[in-house]
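# Notes for the structure review
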Protein chains: 4
Amino acid sequence: MTDLLNVAILGASGYTGAELVRLLSRHPRVAITALTADRKAGHAMADVFPQFAALELPKLTTIDEVDVDAVDLVFCALPHGTTQQVIAELFETKPSLKVVDLSADFRLADPDAYETWYGHPHHALELQSEAVFGVSELYRDEIKGARLVANPGCHSTTSILPIVPLLREQLIDADAISIVSATGMSGAGRAAKEEMLFSEVSEGVHAYGVGKHRHTSELDQEFDKAAGRPSRATFTPLLIPMNRGIYATITVTLSGGATAEALHAALQTAYWGEPFVTVLPFGKVPQSRHVRGSNSVQLGVMADRGPDRAIVISTLDNLVKGASGQAVQNMNLVAGFEETDGLAQLGLFP
Amino acid sequence: MTDLLNVAILGASGYTGAELVRLLSRHPRVAITALTADRKAGHAMADVFPQFAALELPKLTTIDEVDVDAVDLVFCALPHGTTQQVIAELFETKPSLKVVDLSADFRLADPDAYETWYGHPHHALELQSEAVFGVSELYRDEIKGARLVANPGCHSTTSILPIVPLLREQLIDADAISIVSATGMSGAGRAAKEEMLFSEVSEGVHAYGVGKHRHTSELDQEFDKAAGRPSRATFTPLLIPMNRGIYATITVTLSGGATAEALHAALQTAYWGEPFVTVLPFGKVPQSRHVRGSNSVQLGVMADRGPDRAIVISTLDNLVKGASGQAVQNMNLVAGFEETDGLAQLGLFP
Amino acid sequence: MTDLLNVAILGASGYTGAELVRLLSRHPRVAITALTADRKAGHAMADVFPQFAALELPKLTTIDEVDVDAVDLVFCALPHGTTQQVIAELFETKPSLKVVDLSADFRLADPDAYETWYGHPHHALELQSEAVFGVSELYRDEIKGARLVANPGCHSTTSILPIVPLLREQLIDADAISIVSATGMSGAGRAAKEEMLFSEVSEGVHAYGVGKHRHTSELDQEFDKAAGRPSRATFTPLLIPMNRGIYATITVTLSGGATAEALHAALQTAYWGEPFVTVLPFGKVPQSRHVRGSNSVQLGVMADRGPDRAIVISTLDNLVKGASGQAVQNMNLVAGFEETDGLAQLGLFP
Amino acid sequence: MTDLLNVAILGASGYTGAELVRLLSRHPRVAITALTADRKAGHAMADVFPQFAALELPKLTTIDEVDVDAVDLVFCALPHGTTQQVIAELFETKPSLKVVDLSADFRLADPDAYETWYGHPHHALELQSEAVFGVSELYRDEIKGARLVANPGCHSTTSILPIVPLLREQLIDADAISIVSATGMSGAGRAAKEEMLFSEVSEGVHAYGVGKHRHTSELDQEFDKAAGRPSRATFTPLLIPMNRGIYATITVTLSGGATAEALHAALQTAYWGEPFVTVLPFGKVPQSRHVRGSNSVQLGVMADRGPDRAIVISTLDNLVKGASGQAVQNMNLVAGFEETDGLAQLGLFP
């Protein structure tokens, strides 16, 4: 490793790729040495994302053109399914490489769960077994020593952060969790599809993937582990007309005489001193706009009108803490940097 | 009553007032004879809402200037609290008057519930006892004979329509209903408040009134009655960046071995032939944009991944079926018109 | 012709097709007898546009499946270029057919201009010579007797309506017209393209087709004719984050000592009594939201701070008066109906 | 001056105040020592702008509570009109203070122009005469030595940057400049006004201040000076439904045989090496979303279809380069810091 960590971004022409460039180009200890985008190979990054017009960046290339030996760490922002093959080959070429993978390919520790949710067997089971699930605050120590970090899904991070501490402390019923997770459009990526056109999305809202969204499998994995027994969350994502942000409204049933205030206290304890997780005062409602553009999560706990339920709300920017920001945070852990390096951006509001 | 029904709109300078004008000015059997707006009295309606520039409409006046004797039916689109006094005086002047009230003042049959949720005793209890709760499809017969119709809240109509038939048939657990009801901004009215500015609302989402939104009391009233026992819904409204539309995502627990398909069948049966309620095919997800500008409700039922829960989704335009459209529908019932008169507008999409 | 006019809509799966259905399904003298959409043939219209779920509509078919003999009038909402062939064949099958064409194929009377702007010779020159340019208010008499009406472009209608009367009266300099015409996204159609994705369009604005947008050729044709000599308009369209609406800001230089007030008076005279064109009081600024969903145009004239220039503003809904609404208006003229039939919808605001 | 520059922000509860906090809290050489907001005095900044929840910031106070002696530089983000008095008093207390004023009070060098446009005589003429107009790229040297910098208006900066070099080189006609400048809502500030509500602004566009917007006076001042003779620009601002961004579409007439390409070359020369001004390749159209959140300006030059005109487009973020970012840039000049310090944020897209 030279003074600067040399990183490559595979899949730089998508939104998470661009967001990695935004964050890493201001990171004090990183040099971006390769950017790939198969269909745009040969173009300048500023052709694809003109906000980078004033930066000096490597040209977009194919993956094959990347000199892996010159790279210390790879961010993989490729489509689900193709990623496992690509990463296996990268490690073959250079076993000492570090990888932060933003796809879903290595998130599920259980191969059967993977096959159930993704419809085909996993093609890199050995790598899967060494991958660390990258919710930075929950698995900090494991991430530090990892070669392969599986960055979690955007909806997953949003709900895992507030719910896991409550399940660990047995404050809520693991069988009765109802999550409605509203997301902006950038989470759907940049592929041209009719249902993602402005005119189809603006001035409206609708659910999608009801009863079967794949991020549910990540919730199951983490909620089961935290509760110490099988959990059951009902997870319904909504698409709303904004670019960035996820907003999870979680209805929970209190267990063992717990109060909403106790939930709040547990979250305060769990995230005390965390630079990116803010637990708002009890009863204060988070707003997605206050985390836009930043790596922050804002959590709120509110009492329901009756005694046995509470509403927990979690919000983050799906492209930052929900994807590229957490990926940089995980890179910082892997590389031994300050965890906040390159992540100082504050929320952009208005 | 002359050939045309003479109607007055009290509170015509707000959004629900304007929406009444939009619908009634194309109604074949209605004449708008008075429009009031205390702070804008003396102005033309087209000064306040220039989309009406080509219409001939009465000038805006104060309420005192209205010739009640010349009016057959009054729409009350005034703020909560002041309405009960105004309506009591109107009936004193002309006992044969019909009133469709869009405020919350006469929605709760139980005076104690009113006092609990609104913080003061009801000032027109006698009128309260004769008011009919105006969910048109559920109380059609009572509305036909009513002198005073209490038009329900926008969130209330959205959730009552899908849930009441399910509770009546005992298909779902009355104790475990979780509602997240996303609404556009027009429901918040036209009063100038910082938190309603474009820059505060655009590109973001947040919950409001968590655990204490007053529409909850209407849900309680109707859910209890339908279930035949005390119900418990947790109701969380979200504000999202669009003008019109409410989208309720309702997580329900199935009871007595019911299936999601059975819920769907029950809604199909309940709303068979209804002109304004469309039950989508099983598993099809409603979108708010498909009801924008129309008096339609679209309902959908989806299975959750496990056997004992389902997701029920309901969407309508908060200013039409959620307010002024249902008010016109109720007027049609009260006046003996065709229920669909003046309500033929189709959804405006895109 | 039977009691009802039997109409077919070719290209019903696009936004202008859907808008035709919205308007015609409430038209008192029209029956929709055929809807075509090549790629969606076999589907119900409500599959493609669920806002029509409660309507009885013919299934989508291919164009070949349409029984032309049973059709009185055809709306052509097909892509530019393919249309001239389709219409030529329709007239061959049934010479008495009436056609309102929403494409650009028959808008330019001069074949050389067509070739210059569209890059290939016109393939139906004979039909071109009989086509009438369908700005309803300017060519009412010609449209009444036409077999083929060429519905103008959305930007074109927006700027032609205010500028032509001023040029005819020689009140403004034909050589110094600067038009900046901001449009919502629905004008770009429903084809899935990256640059039309919500995330690409929301929270931003940009010009497109600068110096070469094809609607310029329609402005040239009409401005030259009105001025009686070659005109020169600079036309720059902007794409802004809304669904519907065009808003043309036109800077004009006054000629022959004319005043801004004189411009205003000329527009008032030109459009006196027109049901769909409202000239606002002098100095009052139009807003696109006041015409959303209606067939209305709102025009405004404002003085600049100096003596020799004025600002003229024109706004309409690109899908209604800018496309399908004016098409219905033209159908009404062709068929001898009331010009306002089926076009009573008021602006939807908010 | 200590190691860190101690700055106070007067008017920190508005959007430009918050934007100053966003930028300065990450500035390597600045300490924020005072934040004032008369109506919110006593509150934490995070109460007013929760995106700052994780920062340590001084409490909001009144202006009187600020210890001016401990302050090196003041940012004035107060309403127009009241500012001149406040700044005069600050200088009385501490003559060595530096002030960057974001209001309009000191922008116009000519007292008569001020009185004409603002409707009352200037109350601090002496200070006016020493104020430097703060377009950083044009007045860099004067700003370095200034005690009082008058930060220009957001529309002004947007149009001055591309037009002044063209006038200086006599490439365009100073008498025939037509500017349509579309702006997002955050430029209108945070005061609660009906016309700024989300429902009034979303899904629409309208002009405002037509023929009389006060930023015109800044254009006049700078255009006259650059041309060396009286200029005449027609300036029409549009309000469009987005939070941030200004997009000026400028139609110019070429003079002395200049070509559009020559205009482009002149802008490239003028801004060669400037860190915040990017001149796009000839013919490439800027988009406002590519500068969102950054201090960048993107300029484009396009040929019109005829030989004697061109379209010049300029876009920036009204809260950054249009206000607080340029204020920080000016502070950097005044304080002798690197001009880019604290301004490294890249555009946030999507």
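Quick caveat: nothing in here was measured; it's all calculated off a predicted structure.

Turning our attention to the overall build of chain A. When helices and strands are tallied, chain A shows eleven helices and 14 strands. A compact globule built from 350 residues would reach a C-alpha radius of gyration of about 20 Å, and chain A, at 20 Å, matches this within 12%. A buried classification covers 67% of the 350 residues belonging to chain A. For chain A, the exposed area adds up to about 11,200 Å²; of that, 49% sits on carbon and sulfur atoms. Of the charged side chains in chain A, 27 are positive and 41 negative, and the gap between their average positions amounts to 6 Å.

Further remarks concern the sheet that holds strand β7 (residues 148–150) of chain C. Residues and elements named next belong to chain C. Taken together, seven strands build an open sheet; the order of strands is β3-β2-β1-β4-β5-β7-β6 and the sheet is parallel. Of all strands in the sheet, those bounded by a partner on one side alone are β3 (60–61) and β6 (132–133). Judged from the three bridges that link them, strand β5 (residues 98–101) and β7 form a sheet pairing that is parallel. Paired with D101 across the bridge in β7 is A150. Helix α3 (residues 83–93) rests against β1 (5–10), β4 (73–76), β5 and β7 of the sheet, and its axis sits at about 170° to β5.

By a simple turn and slide, chain A fits onto chain D: the slide is 0.0 Å along the axis, the RMSD is 0.0 Å, and the turn is 180°. In short, the pair behaves as if placed about a two-fold rotation axis.

Looking now at the environment of B:V66. Residues and elements named next belong to chain B. With respect to the helices, strands and loops of the structure, V66 is situated in the loop between β3 (60–61) and β4 (73–76). For the pair V66 and R289, spaced 223 residues apart in the sequence, the C-alpha separation amounts to 37 Å. For V66, the residues in contact, after removing those within four places along its chain, are A8, L10, A34, T36, T61 and V71.

What follows deals with the interface of chain A and chain D. Contacts between the two partners involve 34 residues from chain A and, on the opposite side, 33 residues from chain D. Broken down residue by residue, the surface that chain A buries against chain D is led by A:L346, A:L348 and A:P350, which jointly contribute 25%. Summed over the shared surface of chain A and chain D, the result is zero salt bridges. Across the chain A-chain D interface, the total number found is eight residue pairs in polar contact (both at pLDDT 80 or more). Contributing elements (two or more residues each) for the side of chain A that touches chain D: α1 (15–24) and α2 (45–48) of chain A. Take the side of chain A that touches chain D: its biggest share by element is four residues, from α1(A). Its residues placed into classes, the side of chain A that touches chain D shows 15 nonpolar, ten polar and nine charged.

Overall, the coordinates contain 63 salt bridges over all chains when judged by the stated rule. One salt bridge connects A:D308 with B:R232, and the closest N-O pair in it is separated by 2.6 Å. On the criterion of chain membership, the pair formed by A:D308 in the loop between β13 (297–303) and β14 (309–316) and B:R232 in the loop between α9 (215–227) and β10 (233–239) is interchain, its members lying in two chains. Judged by relative accessible area, which is 31%, A:D308 ranks as partly exposed. Close ionic contact of B:R190 with D:E200 constitutes a salt bridge, the shortest N to O distance being 2.7 Å. Taken together, the residues B:R190 in the loop between β8 (177–183) and α8 (198–201) and D:E200 in helix α8 (residues 198–201) connect one chain to another.

On to the sheet that holds strand β12 (residues 277–279) of chain B. All names here are of chain B. Taken together, the seven strands give an open sheet; going across it, the order is β9-β10-β8-β11-β14-β13-β12, and neighbouring strands pair in mixed fashion. The sheet is open, and its two edges are formed by β9 (206–207) and β12, each paired on a single side. With six bridges connecting them, β8 and strand β11 (residues 246–253) associate as antiparallel partners. Its bridge partner lying in β11, A182 is registered against Y247.

For the rest of this paragraph, the subject is the UniProt feature "domain: Semialdehyde dehydrogenase NAD-binding" (unreviewed entry) in chain A. Residues given the UniProt feature "domain: Semialdehyde dehydrogenase NAD-binding" (unreviewed entry) here are residues 6–146 of chain A. The span residues 6–146 of chain A carries 31% helix and 17% strand; its end-to-end C-alpha distance comes to 17 Å.

Below, the discussion takes up the interface of chain A and chain B. Opposite the 50 residues of chain A that make contact, chain B presents 50 residues. Carbon and sulfur atoms make up 51% of the area that chain A and chain B hide from each other, which totals about 4,100 Å². Linking chain A with chain B are six salt bridges, by the criterion used here. Mapped onto the side of chain A that touches chain B, the elements with two or more residues apiece are β8 (172–183), α8 (198–201), β9 (206–207), α9 (215–227), β10 (233–239), β11 (246–254), β13 and β14 of chain A. Here the element with the most residues in the side of chain A that touches chain B is β8(A); it accounts for five residues. Tallied by class, residues from the side of chain A that touches chain B come to 23 nonpolar, 15 polar and twelve charged.

Looking now at the domain arrangement of chain A. Residue and element names in this part refer to chain A. Structurally, chain A comprises domain 1 (5–152 + 321–335) and domain 2 (155–318). Summarising the inter-unit geometry, the C-alpha centres of domain 1 and domain 2 are found 25 Å apart. The interface is formed by 24 residues belonging to domain 1 together with 32 residues belonging to domain 2. For the pair domain 1 and domain 2, the summed buried surface comes to about 2,400 Å²; carbon and sulfur atoms form 51% of the total. Counting every contact that joins domain 1 to domain 2 gives three salt bridges. Across the pair E19 and R244 runs a salt bridge, and its minimum N-O distance is 2.7 Å. On inspection of domain 1 and its partner domain 2, the count reaches 17 residue pairs in polar contact (both at pLDDT 80 or more). Only α1, α4 (111–118) and α11 (320–335) provide two or more residues apiece to the side of domain 1 that touches domain 2. Per-element tally for the side of domain 1 that touches domain 2: the top contributor is α11, with six residues. Of the residues contributing to the side of domain 1 that touches domain 2, the split by class is 13 nonpolar, five polar and six charged.

Turning our eyes to something else, we now look at the relation of the copies chain A and chain B. Two copies of a chain can be linked by a rotation about an axis combined with a shift along that same axis. When chain A is fitted to chain B, the residual RMSD is 0.0 Å, and the transformation amounts to a turn of 180° plus an axial shift of 0.0 Å. The share of interface residues of chain A whose copies in chain B are also at the interface is 100%, consistent with both copies meeting through the same surface.

It is worth spelling out the packing of aromatic side chains at this point. Overall, the coordinates contain 18 aromatic pairs over all chains when judged by the stated rule. Here A:F49 and A:F52 contribute two aromatic rings whose centre-to-centre distance is 6.4 Å and whose plane-to-plane angle is 65°, an arrangement assigned as edge-to-face. Here A:F49 matches A:F52 in class, with each residue buried. Here the aromatic rings of C:Y114 and C:Y118 are separated by 4.8 Å at their centres, their planes lie at 15°, and the arrangement is stacked. One end of the pair is C:Y114 and the other is C:Y118, both in helix α4 (residues 111–118) and four residues apart, which spans about a single turn. Connected via pairs of aromatic rings, a cluster forms that spans A:Y15, A:F49, A:F52 and D:F349. Above the ring of C:F91, the side-chain terminus of C:R147 is found at 3.7 Å from the ring centroid.

Residue and element names in this part refer to chain A. UniProt records the feature "active site" (unreviewed entry) at C154, using the numbering of this structure. The residue C154 is located in helix α7 (residues 154–168) in this model. Assessed through its relative accessible area of 14%, C154 is described here as buried.

Here we come to the environment of B:E261. Looking at the secondary structure, you find B:E261 in helix α10 (residues 260–270). Placed ten residues apart in sequence, B:E261 and B:Y271 show a C-alpha to C-alpha distance of 16 Å.

Glancing now at helix α7 (residues 154–168) of chain D. All names here are of chain D. Given a rise of 1.5 Å per residue, 15 residues ought to cover 21 Å, and the 22 Å separating the end C-alpha atoms of α7 matches this to within 8%. Helix geometry: α7 is bent most strongly at I160, by close to 40°, with proline P162 lying one to four residues after it. Among the 15 residues that make up α7, 14 are buried, leaving the element largely enclosed by the rest of the structure. Immediately downstream of α7, the backbone of Q170 shows phi near 55°, a positive value.

Rules behind the numbers
Residues numbered from 1 in each chain as written. Chains lettered and ligands numbered in written order. Predicted model: local features only at pLDDT ≥ 70, side-chain atom pairs only at ≥ 80, totals over all residues. Heavy atoms only, no water. Helix = DSSP H or I, 4+ residues; strand = E, 2+ residues; numbered from the N terminus. Rg over C-alpha atoms; globule rule 2.2 N^0.38 Å. Buried < 20%, exposed > 50% of the residue type's maximum accessible area, 1.4 Å probe, protein only. Areas by Shrake-Rupley, 256 points an atom, 1.4 Å probe, with all protein chains shown as cover. Lys, Arg positive; Asp, Glu negative; His and termini not counted. Charge placed at Lys NZ, Arg CZ, Asp CG, Glu CD. Pairing = 2+ DSSP bridges. Contact = heavy atoms within 4.5 Å. Axes fitted to C-alpha atoms, helices over the stretch in contact; angles between N-to-C directions. Least-squares fit on C-alpha atoms with pLDDT ≥ 70 in both. Buried area = accessible area lost by both parts, 1.4 Å probe. Salt bridge = Lys/Arg side-chain N within 4 Å of Asp/Glu carboxyl O. Polar contact = N/O pair within 3.5 Å; in protein donor to acceptor, adjacent residues only side chain to side chain. Nonpolar A, V, L, I, M, F, W, Y, C, P; charged D, E, K, R; others polar. UniProt positions renumbered as here; feature names shortened; annotations may be inferred. Domains from an automatic or database assignment. Phe/Tyr/Trp six-rings, centres within 6.5 Å; stacked < 30°, edge-to-face > 60°. Lys NZ or Arg CZ within 6 Å of the ring centre and 35° of its normal. Expected span 1.5 Å × (residues − 1). Bend = angle between axes of the 7 residues up to and from the residue.

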